[in-house]
Amino acid sequence: MSTISGIYPALVTPFDEYGKLDTNRAQILVEKLQKNGVSGFYVGGSTGESYLLSVDERKKMLEAVVEACDPKLDVIANIGMLATEHSIELAKHAEKLNVKAISSVPPFYFPFNMDEYFQYYCDLADSVDVPVLVYNIPAMSGIQFSMDDLERLLSNDKIMGLKHTSYDLFQLQRLIQHYPEKTMFVGHDELLLSALGVGAKAAIGSTFNIMPEKYIMLFDLYKKNKKEEAITVQGEVNAIIEVLCKVGIFKGIKEVLTLQGMDCGVCRKPFQPLTETQKALVKETAEKYRII
């Protein structure tokens, strides 16, 4: 697992004009991104509006992606749900599709203790024969893993690593140094260059859906030690991300996809559509930085 590297779009979930899951559009998006040179796909994460989907929709989305994905690329399935048995159901479904790994955010809403979180991941690891990726996203889960907590989790040989969607680069660097055999994905697109600087080799990102070529260029520039050029590219994507955050990151990404000719619909309620003013801002920014 330590050989995993490159960029993995955290796929959006396309909906049709009636708000229904559109697997055909999902497959077109996968095919489009493959041509840009991505290393694989992360399916059913936050960007994919996973907690706004039914279990059946999550299964169908994963099936569509696996069917369209080049066998040489990796598919990682986020199977996290609140109840362990429901997560295991999705994990076993993902295993049947021969995914590279399963991933899960820790169960949230209820005040579980750290022993319960640890057991949750162990139960997932015991339920299937594919590796488990811990999805560390404290801003959305409300759960802060300490180094001791993560060391306990990573002591399980079936836990392959971490999707580190946290601004704590100190923690990320320590994890990379202490666990060179594990894979530590950076999960904040705006921190990619900084994360490469502390040893990260792989990233899962929302905005990889709309500008994968910029991130691939960033990786290449970093490898060639062209630091100033890499900083410029990171600055460009961060300017785009700043605007997307103003209008709603997931809604903004879907709007850019529409502008690129890849209509994936709008985000599911209770998300509200972008206003015309917001759409104009997104278009202006996308044109300025040449992603449409």
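To start, this report covers the structure provided alongside it. The shown structure was predicted, so the numbers you read here are calculated from the model rather than taken from an experiment.

**Concerning the nonpolar core**
- Counting 82 residues, the largest nonpolar core has Phe41, Ile102 and Tyr121 as the members making the most contacts within it.
- With eight residues, helix H10 (residues 227–247) is the single largest residue contributor to this core.
- Those residues in contact with tyrosine 121 that sit more than four places away from it in its chain are Ser104, Val105, Pro106, Val132, Val134, Tyr135, Phe145, Leu153 and Ile159.
- Membership of the second largest hydrophobic core comes to 14 residues, among which are Ala10, Val105, Tyr135 and Ala202.

**Quick look at the layout of surface pockets**
- Its boundaries defined by the atoms lining it, the largest pocket holds a volume of some 480 Å³.
- Thr165, Gly187, His188, Ser206 and Ile249 are, among the 25 residues lining the largest pocket, the residues nearest its centre.
- Here the lining of the largest pocket gets three residues from one element, more than from any other, and that element is helix H5 (residues 138–141).
- Here the residues of the lining of the largest pocket are counted per class, giving 13 nonpolar, nine polar and three charged.
- What the second largest pocket holds in volume is close to 310 Å³.

**Considering the packing of H10 against helix H12 (residues 276–288)**
- Direction vectors running N to C along H10 and H12 enclose 170°, while the axes themselves pass 10 Å from each other. By the angle class used here, H10 and H12 are roughly antiparallel. Along the contact surface, H10 presents Ala239, Ile240, Val243 and Val247, while H12 presents Gln278, Leu281, Val282 and Thr285.
- Counted by class, the contact of H10 with H12 contains six nonpolar, two polar and no charged residues.

**Observations regarding the sheet that holds strand S8 (residues 202–205)**
- The eight strands are arranged S1-S8-S7-S6-S5-S4-S3-S2 in an open sheet whose pairing can be described as parallel. Edge strands, defined here as strands with exactly one partner in the open sheet, are strand S1 (6–9) and strand S2 (40–43). Direction aside, the axes of adjacent strands within the sheet are offset by 25° on average.
- In terms of strand pairing, strand S6 (residues 159–164) meets strand S7 (residues 183–186) through four bridges, oriented parallel. Residue pairing in the sheet places glycine 161 in a bridge with threonine 183 of S7.
- Packed on one face of the sheet, helix H9 (residues 212–223) meets S1 and S8 and runs near 160° to S1.

**Description of the environment of valine 256**
- Its place among the elements puts valine 256 in helix H11 (residues 249–259).
- A relative accessible area of 2% places valine 256 in the buried class.
- Distance in space between the C-alpha atoms of valine 256 and alanine 68 is 22 Å, their sequence separation being 188 residues.
- Apart from residues no more than four positions distant in its own chain, valine 256 is found in contact with Ile210, Leu244, Val282, Ile291 and Ile292.

**Overview of the packing of helix H3 (residues 84–96) against helix H4 (residues 114–127)**
- Contact geometry for H3 and H4: axes closest at 9 Å, N-to-C directions at 30°. Considering only the axes of H3 and H4, their crossing is right-handed. Contacts between H3 and H4 pair Thr84, Ser87, Ile88, Ala91, Lys92 and Glu95 from the former with Tyr120, Asp123, Leu124 and Ser127 from the latter.
- Its residues placed into classes, the contact of H3 with H4 shows four nonpolar, three polar and three charged.

Conventions and cut-offs
- Residues numbered from 1 in each chain as written.
- Predicted model: local features only at pLDDT ≥ 70, side-chain atom pairs only at ≥ 80, totals over all residues.
- Heavy atoms only, no water.
- Core = buried A, V, L, I, M, F, W, Y, C linked by side-chain atoms within 4.5 Å.
- Buried < 20%, exposed > 50% of the residue type's maximum accessible area, 1.4 Å probe, protein only.
- Helix = DSSP H or I, 4+ residues; strand = E, 2+ residues; numbered from the N terminus.
- Contact = heavy atoms within 4.5 Å.
- 1 Å grid on protein atoms, 1.4 Å probe; cavity = no way out; pocket = protein on both sides within 12 Å on 5 of 7 lines; lining within 4 Å.
- Points joined across faces, edges and corners; volume = space filled by probe spheres on them.
- Nonpolar A, V, L, I, M, F, W, Y, C, P; charged D, E, K, R; others polar.
- Axes fitted to C-alpha atoms, helices over the stretch in contact; angles between N-to-C directions.
- Parallel < 35°, antiparallel > 145°, perpendicular 65-115°, else oblique.
- Pairing = 2+ DSSP bridges.
- Left-handed = near helix turned anticlockwise from the far one by under 90°.

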